[in-house]
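Coordinate analysis (summary)
The lines below spell out each chain.
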Amino acid sequence: MIRAVWRTWSGRLGAVLVAMMVACALVSVFWTPHDPVRVNPRAKWLGPSWSHWFGTDGGGTDIFSQVLEGARTTLIVVVAAMVVAAVVGLTVGVATVVVPRWAGEGLTYIVDILISLPSLIFALILIAAVRASPWTVAFAIGFGLGVALARIVRAEAERVLATDYVLAARMSGSSTARLIVRHVLPNIAPTVVVQLSLVGAIAVLSEAALSYLGLTSVSEASWGRMIQGLQQSVQTHPWALAAPGAAVVLATLGFNLLGDGLREAIDPTLRRRQGGDS
């Protein structure tokens, strides 16, 4: 699958952008050129230079160091949201097709109701109820998107369970658990992976939006909070806002393009179409 993704331009570009974000997050754990929270009034609003690659803000804090720290916070939220979405989506989606019909229909109605509640609204409610942190944001985003994933998982699981080889396995005495592990999960995994890549893109935007509104922990660096603080000086120091803004755009674009590349690599119809066009 990796080679198939790399053959598509969207997969290549998406993988490079996501890898850059991951690299920045990992580098920030061990090194930043300057202290990302140190205020230096003598160095405020410096332009890009060898000492400060992206310049400094109104407090003299190095913007490049803040971007590195923000990448780590964003990556934590993205990975945790993907895990939560995968657990919720697979558990609920598969459960709706293996439990008795009356229970499955009840779960489906609950899923439809929860889908109508935007993940950002759910995040606002959860943040108001508990302490704001990257983990709270990740759980709220992951749960909201996981419910939407459950509907897709349900449809895919029903399709797999209706195939002839699964029906033959059921007739031969295979248990429901064995059918799920041996047949359903491996066959729906490609679709789930593609959807999780889109969850990553939404998680980047959601974390930036919540931090922009000041609803996340102030002790954690965030691209959204950087944008909120720098937008007031956009007319006098426009270059300062470019770095965190570009980081959000490129990270979101990376996950979206990676999802497109995965979809093209997995979908045989798209592969045949591309082969015919070439």
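Anything mentioned here points back to the structure above.
Residues numbered from 1 in each chain as written. Predicted model: local features only at pLDDT ≥ 70, side-chain atom pairs only at ≥ 80, totals over all residues. Heavy atoms only, no water.

Comments concerning the overall build of the protein chain
Scanning the protein chain from N- to C-terminus turns up 11 helices and 0 strands. The order of helices and strands in the protein chain, counted from the N terminus, is α-α-α-α-α-α-α-α-α-α-α. Here the C-alpha coordinates of the protein chain stretch approximately 80 × 50 × 30 Å along the principal axes. Expressed as a percentage of its 278 residues, the buried residues of the protein chain come to 44%. A separation of at least 24 residues holds for 69% of the contacts in the protein chain among residues at least 6 apart in sequence. Within the structure as shown, the protein chain displays about 14700 Å² of accessible surface, and the carbon and sulfur contribution to it stands at 66%. On the protein chain, the mean spot of the 20 positive side-chain charges and the mean spot of the 15 negative ones are 5 Å from each other. (Helix = DSSP H or I, 4+ residues; strand = E, 2+ residues; numbered from the N terminus. Buried < 20%, exposed > 50% of the residue type's maximum accessible area, 1.4 Å probe, protein only. Contact = heavy atoms within 4.5 Å. Areas by Shrake-Rupley, 256 points an atom, 1.4 Å probe, with all protein chains shown as cover. Lys, Arg positive; Asp, Glu negative; His and termini not counted. Charge placed at Lys NZ, Arg CZ, Asp CG, Glu CD.)

Topic: unusual backbone geometry
Positive phi is not limited to glycine here, since Trp45 has a value of about 55 degrees. By the element assignment, Trp45 lies in the loop between α2 (9-30) and α3 (63-98).

Things to note about the packing of α3 against helix α10 (residues 238-266)
One can describe the packing of α3 onto α10 by two numbers: an axis separation of 11 Å at closest approach and a directional angle of 25 degrees. Between α3 and α10, the crossing angle belongs to the class labelled roughly parallel. The hand of the α3/α10 crossing is right-handed. Contacts between α3 and α10 pair Ile63, Val67, Val78 and Met82 from the former with Trp239, Ala240, Ala243, Pro244, Ala247 and Phe255 from the latter. A per-class count over the contact of α3 with α10 returns 10 nonpolar, no polar and no charged. (Axes fitted to C-alpha atoms, helices over the stretch in contact; angles between N-to-C directions. Parallel < 35°, antiparallel > 145°, perpendicular 65-115°, else oblique. Left-handed = near helix turned anticlockwise from the far one by under 90°. Nonpolar A, V, L, I, M, F, W, Y, C, P; charged D, E, K, R; others polar.)

Topic: the nonpolar core
Formed by 61 residues in total, the largest nonpolar core has its most connected members in Trp223 and Phe255. Residues contacting Trp223, with those up to four places away along its chain left out, are Met21, Val67, Gly70, Ala71, Thr74, Pro244, Ala247, Val248 and Ala251. (Core = buried A, V, L, I, M, F, W, Y, C linked by side-chain atoms within 4.5 Å.)

Some remarks on the packing of helix α7 (residues 164-171) against helix α8 (residues 176-212)
Where α7 contacts α8, the axes come no closer than 11 Å and their chain directions differ by 170 degrees. On the basis of their axis angle, the class for α7 and α8 is roughly antiparallel. Touching Tyr165, Val166, Ala169 and Arg170 of α7 are Leu179, His183 and Asn187, all from α8. Its residues assigned to classes, the contact of α7 with α8 shows 4 nonpolar, 2 polar and 1 charged.

A short note on the side chain of Thr8
Mapping Thr8 onto the fold places it in the loop between α1 (2-7) and α2. Within polar-contact distance, the side chain of Thr8 engages the backbone nitrogen of Gly11 at 3.1 Å. (Polar contact = N/O pair within 3.5 Å; in protein donor to acceptor, adjacent residues only side chain to side chain.)

Let's talk about helix α4 (residues 101-115)
The end-to-end C-alpha distance of α4, which contains 15 residues, comes to 21 Å, matching closely the 21 Å that a straight helix rising 1.5 Å per residue would cover. For α4, every residue scored as buried is listed here: Ala103, Gly104, Thr108 and Val111. Along α4, the residues classed as buried sweep out an arc of 140 degrees about the axis, all on the same side. Of the exposed residues in α4, those oriented more than 90 degrees away from the buried face are Trp102, Tyr109 and Ile113. (Expected span 1.5 Å × (residues − 1). Arc of directions from axis to C-beta.)

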